[in-house]
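Take a look at the letters that make up each chain.
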Amino acid sequence: MFAVGFNKILLIRTDNIGDVILSVPVAHEIKKKYPDSKVTLLCRNHTQILGERYPDIDSVIPIDDENREELPSSELIGILKKEKFDCCILIHPTFKLARLMVSCGIPVRVGTGYRFYSFLFNRRHFEHRKESIRHESEYNLNLLKTIGIEPGKPELAFEISNQEISSAADELKEAGIEEEVKYCVLHPGSRGSAMDWSISNFARTADLLIELFGFEVLITWGYGEEH
């Protein structure tokens, strides 16, 4: 039933860095099923590089600019219509985006079956996430079942240049972390996109990583998480 017609597929994930990282394995599973398809990621400007570095994503369309100003809906619709996508997968849906995909005339629209606007999707997946009984990446991959793809385990394989590795090493050195030092990274925030673990739990985890494994612990944050 779904064996033909998926030449151009649009993945939609317009929230935060961690969310996009846990969503791009969807592209890998699509390529396994439809190796000749073109997969495009619709995301925000600050996560664009993740799509560009993931080998199974062929192109990226940002919905905003470097100042986080979103493109007007009419302009975005024009861009998407030109691409003539035959399928879109709203991994993190909103009413605005769902309505936008209808306006773009994309014939196959995949999304959750549990939103008030789910009638805008014609491939609906019924699985609640609030119980958190699966990993987030597994929930994302399960959306593919609506288009005849039985997903495997999530796979991440970002392409990183030698220049980027060297630049990261320089930044670590400036922070007092030498190359030979074992370190791990903790990122406590989520900008409200999920229920956060408490700061005390992160602090205890950092202590254990230091005590048990001898790690240096780096704390990272994103836009809006400085405090």
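Residues numbered from 1 in each chain as written. Predicted model: local features only at pLDDT ≥ 70, side-chain atom pairs only at ≥ 80, totals over all residues. Heavy atoms only, no water.

## Some words on the pattern of salt bridges
Phase 1: Under the criterion given, the structure shown has 14 salt bridges.
Phase 2: Ionic pairing is found between R13 and D19, a salt bridge with its closest N-O pair at 3.5 Å.
Phase 3: Note that K32 and E29 form a salt bridge whose closest N and O atoms lie 3.4 Å from each other. With K32 and E29 both in helix α2 (residues 25-33), this residue pair falls three residues apart, about one helical turn. (Salt bridge = Lys/Arg side-chain N within 4 Å of Asp/Glu carboxyl O. Helix = DSSP H or I, 4+ residues; strand = E, 2+ residues; numbered from the N terminus.)

## Things to note about the sheet that holds strand β2 (residues 38-43)
Phase 1: Taking strand neighbours across the sheet as the criterion, the six strands line up as β3-β2-β1-β4-β5-β6 in an open arrangement whose pairing is parallel. In this open sheet, the two edge strands, each paired with only one partner strand, are β3 (59-62) and β6 (123-125). Neighbour to neighbour, the strand axes of the sheet diverge by 20° on average, direction disregarded.
Phase 2: In this sheet, strand β5 (residues 108-112) lies alongside strand β4 (residues 87-90) in parallel orientation, the contact comprising three bridges. Across the sheet, C88 pairs through a bridge with R109, a residue of β5.
Phase 3: Those strands touched by helix α4 (residues 73-83) are β1 (8-12), β2 and β3, and its axis lies near 160° from that of β3.
Phase 4: Each of β1, β2, β4 and β5 touches helix α5 (residues 95-103); the most contacted strand, β4, lies at about 175° to it. (Pairing = 2+ DSSP bridges. Axes fitted to C-alpha atoms, helices over the stretch in contact; angles between N-to-C directions. Contact = heavy atoms within 4.5 Å.)

## Overview of a negative patch on the surface
Phase 1: Where like charges cluster on the molecular surface, the negative patch consists of D170, E171, E174, E178, E179 and E180.
Phase 2: Residue placement: E180 occurs in the loop between α7 (162-174) and β7 (183-186). (Patch = residues over 30% accessible without salt bridge, like charges linked within 9 Å, V, L, I, M, F, W, Y side chains within 5 Å. Areas by Shrake-Rupley, 256 points an atom, 1.4 Å probe, with all protein chains shown as cover. Lys, Arg positive; Asp, Glu negative; His and termini not counted. Charge placed at Lys NZ, Arg CZ, Asp CG, Glu CD.)

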